[in-house]
Amino acid sequence: SYGLPGNADAEKAQEIAKQLGVPWRFIRSDGTGIRNMYRSQRCRDYEIFSDGLNTVPNYQDLQPLLEMAEHGQLPADAILINGQTGDFISGGHIPSVLMAEGATDQELVRTLIDKHLSLWPGILDGPLRRQLADRIMAKAAVCRLDGSVDQAGLFENWEFEERQAKYILSGQRIYDFLGLSWELPFWDREFVDFWKAVPSEFRFEQGLFKTYLQQRDPGGVFAGNMSRLKAWSPFLSPVLTTLSLAIGLLAGRRQRVRLMRYFDYWGRYGHAFQMFGYHRFRIYAHRARNAVSLLALSWISRNGLWQDLPDTRPEVLNYPESE
């Protein structure tokens, strides 16, 4: 596991590894180290190697794997296996609004844009939003040629082609870059074909998947381990939860969401935000959807495409030249 100390993913992994009796190791992603990695020539080489010009390069595992490689901790015959993307395949990304009877094309378009096409919501003006809607409906029309497809299925098909295949799975390029072998068990054809045949109502919120795991409970680790992971470490969580509630009561939900974004720098995905340093992070925190928003700006800056993006400051994220 890796990331900031005390992150929920690592703590849960450690707990399960102990229960299963398998070795577990944590690689700390400190701010200085991850920023140095992001500004390094090694990272630039990876970007050139991995960039297919259809998505921002996926940096998620790069820092811990580079560290392991440099210390000789990745045997030449190792096979790396991750969990991409079992939650999506088993129905974990289906929006509840599209499960409602009579869900409309307008709801499909709005949900897709809000979830997957809003790294920077401020630039989604009228004309751009209409262009996105037209492209979504054109893809939906092609899907409907194959027969009856519900709105949840259309949503999943879009995400499969435009996010999972392009961005999420591009993380495997890190393994290729380091000359490592890998497998993706959740993308085994037989596994995928099974879930394709399961109706949306049984896949919604991974209902069938979770029921199976809890009833069969392989390894004895699932019956008591289905709780939602917390956004912050055990030390910060009670403090920030209390602060969040107080802000909501005093200033309203909108201000609470806006202000709490500034604490994401120390949260579950803080190692990704810390690639940019807190000064740069705080400039954009209230507008950026997530860390990929900042990675997209940085990639655009290095490739000289700023003229197409209004209301941005290219000098802030122009790596590696500026400090």
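Anything mentioned here points back to the structure above.
No experiment lies behind these values; they were computed from the predicted model shown.

Rules used in this analysis
Residues numbered from 1 in each chain as written. Predicted model: local features only at pLDDT ≥ 70, side-chain atom pairs only at ≥ 80, totals over all residues. Heavy atoms only, no water. Helix = DSSP H or I, 4+ residues; strand = E, 2+ residues; numbered from the N terminus. Rg over C-alpha atoms; globule rule 2.2 N^0.38 Å. Buried < 20%, exposed > 50% of the residue type's maximum accessible area, 1.4 Å probe, protein only. Areas by Shrake-Rupley, 256 points an atom, 1.4 Å probe, with all protein chains shown as cover. Lys, Arg positive; Asp, Glu negative; His and termini not counted. Charge placed at Lys NZ, Arg CZ, Asp CG, Glu CD. Axes fitted to C-alpha atoms, helices over the stretch in contact; angles between N-to-C directions. Parallel < 35°, antiparallel > 145°, perpendicular 65-115°, else oblique. Left-handed = near helix turned anticlockwise from the far one by under 90°. Contact = heavy atoms within 4.5 Å. Nonpolar A, V, L, I, M, F, W, Y, C, P; charged D, E, K, R; others polar. 1 Å grid on protein atoms, 1.4 Å probe; cavity = no way out; pocket = protein on both sides within 12 Å on 5 of 7 lines; lining within 4 Å. Points joined across faces, edges and corners; volume = space filled by probe spheres on them. Phe/Tyr/Trp six-rings, centres within 6.5 Å; stacked < 30°, edge-to-face > 60°.

Which residues make up the overall build of the protein, and what are the values?
Each helix and strand counted, the protein has 17 helices and four strands in total. Its C-alpha radius of gyration of 21 Å places the protein within 12% of the 20 Å reference for a compact globule of 323 residues. Principal-axis analysis of the C-alpha atoms places the extent of the protein at approximately 55 × 50 × 45 Å. Looking at the 323 residues of the protein, the share that counts as buried comes to 41%. As displayed, the protein offers around 18,200 Å² of accessible surface, 55% of which is attributable to carbon and sulfur atoms. Between the mean site of the 37 positive side-chain charges and the mean site of the 38 negative ones, the protein shows a separation of 7 Å.

An account of the packing of helix α7 (residues 126-144) against helix α8 (residues 151-164) is requested, with residue identities and associated values reported.
Between α7 and α8, whose axes approach to 10 Å, the crossing angle comes to 110 degrees. One way to sum up the angle between α7 and α8 is to call them roughly perpendicular. You can see that α7 and α8 cross each other, and the crossing is right-handed. Across the interface between the two elements, Ile136, Lys139, Ala140, Cys143 and Arg144 from α7 touch Gln151, Leu154, Asn157, Trp158, Glu161 and Glu162 from α8. Looking at the contact of α7 with α8 residue by residue, the class counts come to five nonpolar, two polar and four charged.

Tell me what's going on with unusual backbone geometry, and back it up with residues and numbers.
Of the consecutive residues glutamine 84 and threonine 85, the connecting peptide bond is found in the cis state with omega at -15 degrees. Residue position: threonine 85 is located in the loop between β3 (79-81) and α5 (86-89). In this model, glutamate 205 sits at a positive phi of 55 degrees, which is unusual for a non-glycine residue. Judged by relative accessible area, glutamate 205 falls into the exposed class, the value being 53%. Positive phi, normally seen in glycine, also occurs at glutamine 206, with a value near 55 degrees. Of note, glutamine 206 is situated in the loop between α11 (200-203) and α12 (207-216). For glutamine 206, a relative accessible area of 14% translates into the label buried.

Kindly report on the layout of surface pockets, identifying the contributing residues and their values.
Regions of empty space are outlined by a rolling probe, equal in size to a water molecule, passed over the atoms. Estimates place the volume of the second largest pocket at around 600 Å³. The wall of the second largest pocket is formed by 18 residues, among which Gly153, Glu156, Asn157, Lys196 and Arg203 lie closest to the centre. Breaking the lining of the second largest pocket down by element, the ones donating at least two residues are α5, α8, α10 (189-196) and α11. With four residues, α8 is the largest single contributor of residues to the lining of the second largest pocket. Partitioned by chemical class, the residues of the lining of the second largest pocket number 11 nonpolar, three polar and four charged.

Describe the packing of helix α6 (residues 105-116) against α7, listing the residues and the values that go with them.
It is at 10 Å that the axes of α6 and α7 come closest, and there the two elements cross at 120 degrees. The element α6 and its partner α7 pack so that their crossing is right-handed. Every residue of α7 that contacts α6 at Asp105, Val109, Arg110, Leu112, Ile113 and Asp114 is listed here: Arg129, Leu132, Ala133, Ile136, Met137 and Arg144.

Can you tell me about the packing of aromatic side chains, naming the residues and giving the values?
Tallying each qualifying case throughout the model produces 19 aromatic pairs. Taking 5.5 Å as the distance between ring centres and 65 degrees as the angle between the ring planes, the aromatic pair formed by tyrosine 38 and phenylalanine 276 counts as edge-to-face. Within this pair, whereas tyrosine 38 is found in helix α2 (residues 31-39), its partner phenylalanine 276 is found in the loop between α15 (270-273) and α16 (277-284), the two being separated by 238 residues in sequence. The class of phenylalanine 276 is buried, set by a relative accessible area of 1%. Among the aromatic residues, ring-to-ring pairing joins Tyr38, Tyr46, Phe49, Tyr59, Phe177 and Phe276 into one connected group.

Which residues make up the environment of cysteine 43, and what are the values?
Following the sequence through the fold, cysteine 43 ends up in helix α3 (residues 41-50). For cysteine 43, a relative accessible area of 0% puts it in the buried group. With 30 residues separating them in the primary sequence, cysteine 43 and glutamine 73 have C-alpha atoms 19 Å apart.

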